[in-house]
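Tertiary structure, described
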Amino acid sequence: MSRKVFIGDTEYFPGISQIEYEGPESDNPLAFKSYDPNRVVAGKTMEEHLRFAVCYWHTFCASGADPFGPGTRNHAWARAADAMDRSRDRADAAFEFFTKLNVPFWCFHDFDLASEGASVAESENNLKAMVDLAKERQAETGMRLLWGTANMFSNPRFMNGASTNPNFEVVTWAAAQVKAALDATVELGGESYVFWGGREGYVCLQNTDTRRELEHMATFLEKARDYGRSIGFEGTFLIEPKPMEPMKHQYDFDAQTVIGFLRHHGLAGDFKLNIEANHATLAGHSFAHDLRMAADAGLLGSVDANRGDPQNGWDTDQFPLHLYDCVHGMMVILEAGGLQPGGLNFDAKVRRESTDLEDMFIAHIGGMDSFARGLVIADSIRSDPRLSDMLKNRYASFDSGDGKRFEDGELGLAELRDIAAASAEPTQLSGKQELVENLINDHMAGRAAT
Ligand code: XUL
Ligand code: CO
């Protein structure tokens, strides 16, 4: 489908035309070197595998402000005096950006898209008006919504949490936002709905009834699920783990914590996980680790594609331009059979010092090319029998005999002891880590140029 590249009367990214695939030889910073949407890898096109999404918040709402100073970017779409005019300008800029970049999906929080009103009803009306506009823009451009969510962490009323707030009044305001954001997501045909528990956690354990707060969170999620299903939402509900920041401790700490919580509360049939790379690293894991834990549980829903900085402890939300992360991540995603109906959402921001308009494109192009390379290299590794054979052989002792009986739960502890007592010292089996790492490097070197 051919898509119009800018919307309305104003071109917000003048001088930047449709971003095209030009191939590995191109030296044009505003072209894809590896992401060729129609190229088929492992039976699907790159566009179908990667399902890229641009996020509204970092890309169109942020100005580069940090705790030490104001924004460094004064975008044309953020200048109108009236809040609704600003929202409309921002939407036009966003849809121009999406189409020029040629991504199929976008994601938003309620109050990225519309400004928050002074009452529940006013906020609902603002959001409805912007959803109507976004729906028109989606129809004009062919863009689709990967997921919607509600921002229940910025407003000071949520300083002690949203669904886990010790004050019931605040819980009801959180519910009002989720209800409206679910309505909006359904109206826009969103494929998933995300809960990121920004302030669902604590700063002081001694002033917090954690047992009660976790029960409240489960009840709230159940009611949100029931409401979503009642209005015809057929997509996936997603929980996005993060261990800390802004709170000292957040309940959705990491993939395994969330998996345990969902299973404990009987929510795993409707909810999956949205794994964010920088959140996994904040929890002391790698991106691929949290992807793998989610995939093993059959709960890998979607991905927030970004990266942290190994020298910093915090959530820097940098663009995912480190090839190893993308290769390791795509190995798990391919193993899991893909992401659909999820996708790769760039929950990432250009650095405060990257102030040219084109930097927004360059950052996304880099992320898309990195994951496209990651896909090609991961597929190449997966089709090399050396790795799969090594993995299979490593566990071969469980494929037959007593090992198989143990796997099937047929041997008790005393029987296992008797087997040990009758055997010699176990054979030493090398883990071959360096061999595996060399093999991955060989594929990277062989394929990285494509
Ligand atoms: C914050 C974060 C959020 C969620 C959506 O760290 O990742 O933007 O993705 O609320
Ligand atoms: Co995120």
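All of these numbers come straight from a predicted model, not from anything done at the bench.

Points about the packing of helix α11 (residues 323–335) against helix α12 (residues 357–382)
As a packed pair, α11 and α12 sit with axes 7 Å apart at the nearest point and diverge in direction by 55 degrees. Classified by the angle their axes make, α11 and α12 are oblique. Between α11 and α12 lies a crossing of right-handed hand. On the side of α11, the interface is formed by L323, C326, V327, M330, M331, L334 and E335, while α12 contributes S370, F371, R373, G374, L375, I377, A378, D379, I381 and R382.

A word on the site of ligand 1
By nearness alone, every residue bordering ligand 1 is listed as W57, H109, W147, F153, W196, E240, K242, E276, H279, D304, D315 and D347. Contact between ligand 1 and H109: an oxygen atom at 2.7 Å from a side-chain N or O atom of the residue. Separating an oxygen atom of ligand 1 from a side-chain N or O atom of K242 is a distance of 3.0 Å. Relative to its free-state accessible area of 290 Å², ligand 1 is covered by the protein chains to the extent of 93%. Among the detected pockets, ligand 1 sits in the largest pocket. Class assignment of the residues belonging to the shell around ligand 1 gives a composition of 4 nonpolar, 2 polar and 6 charged.

Observations regarding the pairing of strand β5 (residues 144–149)
The buried fraction of β5 is high, at 5 of 6 residues. Bridging between strand β4 (residues 105–109) and β5 involves 5 bridges; their strand directions are parallel. Bridging from a neighbouring strand, C107 pairs with W147 of β5. Bridge analysis of β5 against strand β6 (residues 192–195) gives 3 bridges, and the strand direction is parallel. Bridge pairing links G148 to Y193 in β6. In this region the chain leaves β5, passes through helix α6 (residues 168–187) and returns to the parallel neighbour β6; the handedness of that crossover is right-handed.

Some points on the side chain of T59
Tracing the chain through its elements places T59 in helix α2 (residues 56–61). Within the local environment of T59, its side chain forms a polar contact with the backbone oxygen of C55, the two atoms lying 3.1 Å apart. Ignoring sequence-local partners within four residues, the contact set of T59 consists of V54, W77, F97, A348, M360 and H364.

Some words on the packing of aromatic side chains
Inspection of every chain in the model, using the stated rule, returns 26 aromatic pairs. Ring centres of F60 and W77 lie 6.1 Å apart, and the angle between their planes is 65 degrees; this geometry places the pair in the edge-to-face category. One end of the pair, F60, is in helix α2; the other, W77, is in the loop between α2 and α3 (83–101), with 17 residues separating them in the sequence. When sorted by exposure, F60 lands in the same class as W77, which is buried. Linked through ring pairs, Y12, F13, Y56, F60, W77, F95, F97, F98, W106, F108 and F361 together constitute an aromatic cluster.

Details of the sheet that holds β4
Pairing is parallel in the closed barrel, where 8 strands are placed in the order β3-β4-β5-β6-β8-β10-β11-β12. The sheet shows a mean angle of 30 degrees between the axes of neighbouring strands, taken without regard to direction. With 3 bridges joining them, strand β8 (residues 236–239) and strand β10 (residues 271–276) adopt parallel strand pairing. When the sheet's bridge partners are listed, I239 is paired in β10 with L273. Docked against the sheet, helix α8 (residues 255–264) engages β8 and β10, running at close to 170 degrees with respect to β10.

Describing the domain arrangement of the chain
Once the domains are mapped, the chain shows domain 1 (40–383) and domain 2 (388–447). Taken over C-alpha atoms, the centre of domain 1 sits 38 Å from the centre of domain 2. With 9 residues of domain 1 at the interface, the matching set in domain 2 holds 6 residues. Inspection of the region where domain 1 meets domain 2 yields 0 salt bridges. On the surface where domain 1 and domain 2 come into contact, there are 2 residue pairs in polar contact (both at pLDDT 80 or more).

Scoring rules and cut-offs
- Residues numbered from 1 in each chain as written.
- Chains lettered and ligands numbered in written order.
- Predicted model: local features only at pLDDT ≥ 70, side-chain atom pairs only at ≥ 80, totals over all residues.
- Heavy atoms only, no water.
- Axes fitted to C-alpha atoms, helices over the stretch in contact; angles between N-to-C directions.
- Helix = DSSP H or I, 4+ residues; strand = E, 2+ residues; numbered from the N terminus.
- Parallel < 35°, antiparallel > 145°, perpendicular 65-115°, else oblique.
- Left-handed = near helix turned anticlockwise from the far one by under 90°.
- Contact = heavy atoms within 4.5 Å.
- Near = heavy atom within 4 Å.
- Polar contact = N/O pair within 3.5 Å; in protein donor to acceptor, adjacent residues only side chain to side chain.
- Areas by Shrake-Rupley, 256 points an atom, 1.4 Å probe, with all protein chains shown as cover.
- 1 Å grid on protein atoms, 1.4 Å probe; cavity = no way out; pocket = protein on both sides within 12 Å on 5 of 7 lines; lining within 4 Å.
- Sits in = over half its atoms within 2 Å of the grid points.
- Nonpolar A, V, L, I, M, F, W, Y, C, P; charged D, E, K, R; others polar.
- Buried < 20%, exposed > 50% of the residue type's maximum accessible area, 1.4 Å probe, protein only.
- Pairing = 2+ DSSP bridges.
- Right-handed = clockwise from strand over helix to strand, strands pointing away.
- Phe/Tyr/Trp six-rings, centres within 6.5 Å; stacked < 30°, edge-to-face > 60°.
- Domains from an automatic or database assignment.
- Salt bridge = Lys/Arg side-chain N within 4 Å of Asp/Glu carboxyl O.

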